[in-house]
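Residue strings, one per chain:
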Amino acid sequence: MGKERLAVPFENGCKALIIYVCAGDPSLEVTAELVPALADAGADIIELGVPFSDPVADGPVIQAAGQRALASGTTLARVLDLTAALRAKMKMGTPLVLMSYYNPILCYGLADFGKELAAAGGDGVIVPDLPWEEAGPLQKILEGKGLALIPLVAPTTPEGRLRRIASRAAGFIYCVSLTGVTGAREELPPDLLSYMERVRRVTSLPLALGFGIGSPGQLKHLAPLGDGFVVGSAVVQALAEGGVARAAALVKAMREALDSI
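Residues numbered from 1 in each chain as written. Predicted model: local features only at pLDDT ≥ 70, side-chain atom pairs only at ≥ 80, totals over all residues. Heavy atoms only, no water.

## Overview of the overall build of the chain
Going by this rule: Here a helix means four or more residues in a row that DSSP labels H or I, a strand means two or more in a row labelled E, and each is numbered from the N terminus. As defined in this context, the radius of gyration uses C-alpha atoms, and a globule is described by 2.2 Å times the residue total to the power 0.38. Accessibility here uses a 1.4 Å probe with only protein chains present; expressed as a share of the type maximum, an area under 20% marks a residue as buried, one over 50% as exposed, and anything in between as partly exposed. Contacts between residues were defined by any pair of non-hydrogen atoms, one from each residue, lying within 4.5 Å. The protein chains shown are the only cover counted for residues, whose accessible areas, like all others here, come from Shrake-Rupley with a 1.4 Å probe. The convention is simple: Lys and Arg are positive, Asp and Glu are negative, and His and the chain ends are not counted. Every charge is mapped to an atom, namely NZ of Lys, CZ of Arg, CG of Asp or CD of Glu.
Of the regular secondary structure elements, the chain holds 11 helices and 9 strands. Computed over the C-alpha atoms, the radius of gyration of the chain is 17 Å, within 12% of the 18 Å expected from 2.2 N^0.38 for a compact globule of 261 residues. With the principal axes as the frame, the chain shows a C-alpha extent of 45 × 40 × 35 Å. In the chain, which comprises 261 residues, the share counted as buried stands at 57%. If you take every contact in the chain between residues at least 6 apart in sequence, the share linking residues at least 24 apart comes to 73%. Surface summary for the chain: the accessible area is close to 10700 Å², and the carbon and sulfur share equals 54%. Charge centroids of the chain, computed over 23 positive and 27 negative side chains, lie 4 Å from each other.

Rendered as structure tokens:
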């Protein structure tokens, strides 16, 4: 399904709730329980984070989750196996997107990665440390399998580069809300409206706003700005503090906030 499945949550003007989890935190068995629970609670797209030893874009909450996942023996190969198991177990259309730094994918082999992700029922990949100008080889392989390489843009992305990224993007465009690492914030930048308008002028793809979103109240406030919203650290923290039930309860509250607008 790939790119086609990713389009469904955005149809008919729906606001997509995109939830990041760190695969293997605290174990792959818990992640296998967590993902269906989050889908049932209202997550439209789920990002499976591949833990990495040098997570340059991650704040302290996701860094700690990555360390727990690495300690439990989580690897890219095991995350691909988990993706296949989730797709078979869930028997549902919820898109599954891997979020991985480039080194694990490069070491795995681009062709093998694309083939196995497609076979597992994954739909796309986000690679936060892969410059778009160097993404061609991976993008070609993913496109050949019907998968999306989802780009990230930032408030600092120049107009010309923004247009080049948008011209080759697939799935949706991940609009990073601020300069810095992941993590829930009390306040987000005041110029998000003009930033999102600037991105919208160069693409017809859905725009998903992420980084810093941590509460249902923030989601309700931000809802007019984007087509989808990415929540990661707050859910990862909820899982660490209260297990699957607390994480699912937070996602349910966020879904209700989006649905109330």
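After that view of the structure, there is still more to cover.
## Structural notes on the pattern of salt bridges
Put simply, the rule is: Here, a salt bridge means any Lys or Arg side-chain nitrogen found within 4 Å of an Asp or Glu carboxyl oxygen.
Overall, the coordinates contain 10 salt bridges when judged by the stated rule. For arginine 163, the salt bridge goes to glutamate 159, with nearest N and O atoms at 3.6 Å. Of this pair, arginine 163 and glutamate 159 both sit in helix α8 (residues 159–168), separated by 4 residues, roughly a single helical turn. Residue glutamate 159 is classed as partly exposed on the basis of its relative accessible area of 32%. With its nearest N and O atoms 3.8 Å apart, the salt bridge here joins arginine 198 to glutamate 159. Here glutamate 159 lies in helix α8 and arginine 198 lies in helix α9 (residues 192–200), a separation of 39 residues in the sequence. Linked through salt bridges whose partners overlap, the residues forming this network are Arg5, Arg87 and Asp123.

## Section: the side chain of lysine 15
Stated precisely, the cut-off is as follows: Polar contact is the term for a pair of N or O atoms within 3.5 Å; when the atoms are in protein, one must be able to donate a hydrogen and the other to accept it, and sequence-neighboring residues count only if both atoms are side-chain atoms.
Its place among the elements puts lysine 15 in the loop between α1 (3–7) and β1 (16–22). Buried and unpaired, lysine 15 has no salt bridge, with aspartate 227 as the nearest side chain of opposite charge at 5.0 Å. Looking at lysine 15, its side chain comes within polar contact range of the main-chain oxygen of alanine 223, at 2.9 Å. Setting aside residues no more than four positions away along its own chain, lysine 15 makes contact with Asp44, Ala223, Pro224, Gly226, Asp227, Phe229, Arg255, Leu258 and Ile261.

## Examining the packing of helix α4 (residues 76–90) against helix α6 (residues 110–120)
Here is the rule we go by: Axes here refer to lines fitted to C-alpha atoms; in helices the fit is confined to the stretch in contact. Angles between the N-to-C directions go from 0 to 180 degrees. Roughly parallel means an angle under 35 degrees; roughly antiparallel means over 145; roughly perpendicular covers 65 to 115; every other angle is labelled oblique. Gly falls in the polar group here, along with every residue not listed as nonpolar (Ala, Val, Leu, Ile, Met, Phe, Trp, Tyr, Cys, Pro) or charged (Asp, Glu, Lys, Arg).
Between α4 and α6, the shortest axis-to-axis distance is 8 Å and the interhelical angle comes to 25 degrees. In this view, α4 runs roughly parallel relative to α6, as classed from their interaxial angle. Of α6, the residues touching α4 (which contributes Leu76, Leu80, Thr83, Ala84 and Arg87) are Phe113, Glu116, Leu117 and Ala120. When grouped by side-chain class, the residues that make up the contact of α4 with α6 number 6 nonpolar, 1 polar and 2 charged.

## Looking at empty space enclosed by the protein
Counted only if it meets this: Only protein atoms enter the calculation, which uses a 1 Å grid: trapped sets of points that fit a 1.4 Å probe without letting it out are cavities, open sets showing protein on both sides within 12 Å along at least five of seven lines are pockets, and any residue with an atom within 4 Å of a point is a lining residue. Grid points are joined across faces, edges and corners, and a volume is the space filled by probe spheres set on the points.
A full pass over the atoms with the stated rule returns 2 cavities of 30 Å³ or more. Estimates place the volume of the second largest cavity at around 30 Å³. What lines the second largest cavity is Tyr20, Val21, Cys22, Asp25, Leu34, Val235, Val236 and Leu239. For the lining of the second largest cavity, the secondary-structure elements that each account for two or more residues are β1 and α11 (233–259). Here the lining of the second largest cavity is built from residues that sort into 7 nonpolar, no polar and 1 charged.

Fair warning: the whole summary comes from geometry, so function is off the table for now.
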